[in-house]
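# Chain and residue survey
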Amino acid sequence: MKAVAGMIICLSLFVGLAVVAAEAPDKIVYESKMGNVTFDHTKHVERAKNDCKVCHDKLFPQAKAPLNYKEKMHRVAEEKKISCGGCHHPGGPAFESKGNCNKCHVKGAAKS
Ligand code: HEC
Ligand code: HEC
Ligand code: HEC
């Protein structure tokens, strides 16, 4: 009986660790008629000086979830400073969407 309980505890610890140590992705591709968008997670993490909290979970949950970015061609997110618009907005630390569609939307970019 004790052995079984021990096994169960070990197993749940193992599963717990696996969840905490979820590997950060390298690149995430968002499909779009405008041309697919490749989000370079690694480069963005480097620029954030490895501080995950810059984006998680304030701007994004650490999981694939609705981005809440595309409404009204990104203007809504830029105004609210949410999602990619948390940085990519006029006067922000990264280029705004206006005039920069092609910096993100690349025709013929690979699908994930
Ligand atoms: C510049 C912002 C930013 C930073 C900094 C950042 N992330 Fe992310 N991360 C994202 C975005 C955007 C997504 C995708 C969210 C979505 O599609 O819903 C994501 C997704 C993830 C996912 C889920 C991947 C998947 O495909 O399901 C994990 C795990 C993750 N990040 C871990 C990390 C870790 C660990 C760090 C720190 C080393 C980190 N992130 C730093 C923006 C960031
Ligand atoms: C924490 C701030 C931050 C967030 C959030 C963020 N970016 Fe960026 N991003 C930057 C910075 C800084 C640069 C580089 C500076 C520049 O070119 O204006 C950049 C550059 C880029 C580039 C150019 C290629 C590269 O990586 O160098 C793309 C494409 C891009 N971001 C897409 C996105 C998308 C899509 C999202 C949302 C899923 C997003 N970014 C969210 C800060 C951010
Ligand atoms: C910072 C990167 C970035 C810039 C700049 C950007 N986009 Fe996007 N765009 C995205 C991402 C990421 C998505 C996918 C959002 C999602 O799946 O929720 C998207 C989605 C869209 C969509 C809806 C999805 C579809 O089916 O096509 C439209 C329309 C769009 N963008 C138009 C534009 C236009 C027009 C511009 C220039 C004025 C622009 N985008 C600039 C990142 C960007």
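Here the structure is a predicted model, which is why all the values come from computation and not from measurement.

Turning to the pattern of salt bridges, a few remarks are in order. Evaluation of the coordinates by the stated rule reveals two salt bridges. The partner of lysine 27 in a salt bridge is aspartate 26, with the nearest N and O atoms 3.9 Å apart. The exposure class of aspartate 26 is partly exposed, given its relative accessible area of 41%. Lysine 27 is paired through a salt bridge with aspartate 40; the nearest N and O atoms lie 3.9 Å apart. You can see lysine 27 sitting in strand S1 (residues 27-30) and its partner aspartate 40 sitting in strand S2 (residues 36-40), a full 13 residues away along the chain. Assessed through its relative accessible area of 48%, lysine 27 is described here as partly exposed. Each of Asp26, Lys27 and Asp40 takes part in salt bridges that share partners, so that together they form one network.

Turning our eyes to something else, we now look at the coordination of the iron atom of ligand 1. Only His41 (NE2) and His56 (NE2) from the protein coordinate the iron atom of ligand 1, and they sit 2.0 Å from it. Angles of 85 to 180 degrees at the metal separate the six donor atoms of the iron atom of ligand 1, which places the site in the octahedral class. In this pair, histidine 41 sits in helix H2 (residues 41-47) while histidine 56 sits in the loop between H2 and helix H3 (75-80), placing the two residues 15 residues apart along the sequence. On the basis of relative accessibility, which here comes to 21%, the residue histidine 56 falls in the partly exposed class.

This next bit is on the site of ligand 2. Around ligand 2, the surrounding shell holds 18 residues, and the nearest of these are His44, Arg47, Cys84, Cys87 and His88. With respect to ligand 2, the side chain of histidine 88 contributes an N or O atom lying 2.8 Å from a nitrogen atom. Those elements giving two or more residues to the shell around ligand 2 turn out to be S2, H2 and helix H4 (101-104). Split by residue class, the shell around ligand 2 holds twelve nonpolar, three polar and three charged.

Where S1 meets S2, four bridges bridge the pair, whose relative direction is antiparallel. Along S2, the bridge assignment pairs isoleucine 28 with phenylalanine 39. Hairpin connection of S1 to S2: five residues between the antiparallel strands, including glycine 35 at a positive phi of 120 degrees.

Within the structure shown, the criterion is met by zero aromatic pairs. The ring centre of phenylalanine 95 lies 4.8 Å from the NZ or CZ of lysine 103, which sits over that ring.

How each quantity is defined
Residues numbered from 1 in each chain as written. Chains lettered and ligands numbered in written order. Predicted model: local features only at pLDDT ≥ 70, side-chain atom pairs only at ≥ 80, totals over all residues. Heavy atoms only, no water. Salt bridge = Lys/Arg side-chain N within 4 Å of Asp/Glu carboxyl O. Buried < 20%, exposed > 50% of the residue type's maximum accessible area, 1.4 Å probe, protein only. Helix = DSSP H or I, 4+ residues; strand = E, 2+ residues; numbered from the N terminus. Donors = N, O, S within 2.8 Å, 3.2 Å for Na, K, Ca; no water. Tetrahedral: all angles 85-135°; square planar, octahedral: opposite > 155°, others 65-115°. Near = heavy atom within 4 Å. Polar contact = N/O pair within 3.5 Å; in protein donor to acceptor, adjacent residues only side chain to side chain. Nonpolar A, V, L, I, M, F, W, Y, C, P; charged D, E, K, R; others polar. Pairing = 2+ DSSP bridges. Phe/Tyr/Trp six-rings, centres within 6.5 Å; stacked < 30°, edge-to-face > 60°. Lys NZ or Arg CZ within 6 Å of the ring centre and 35° of its normal.

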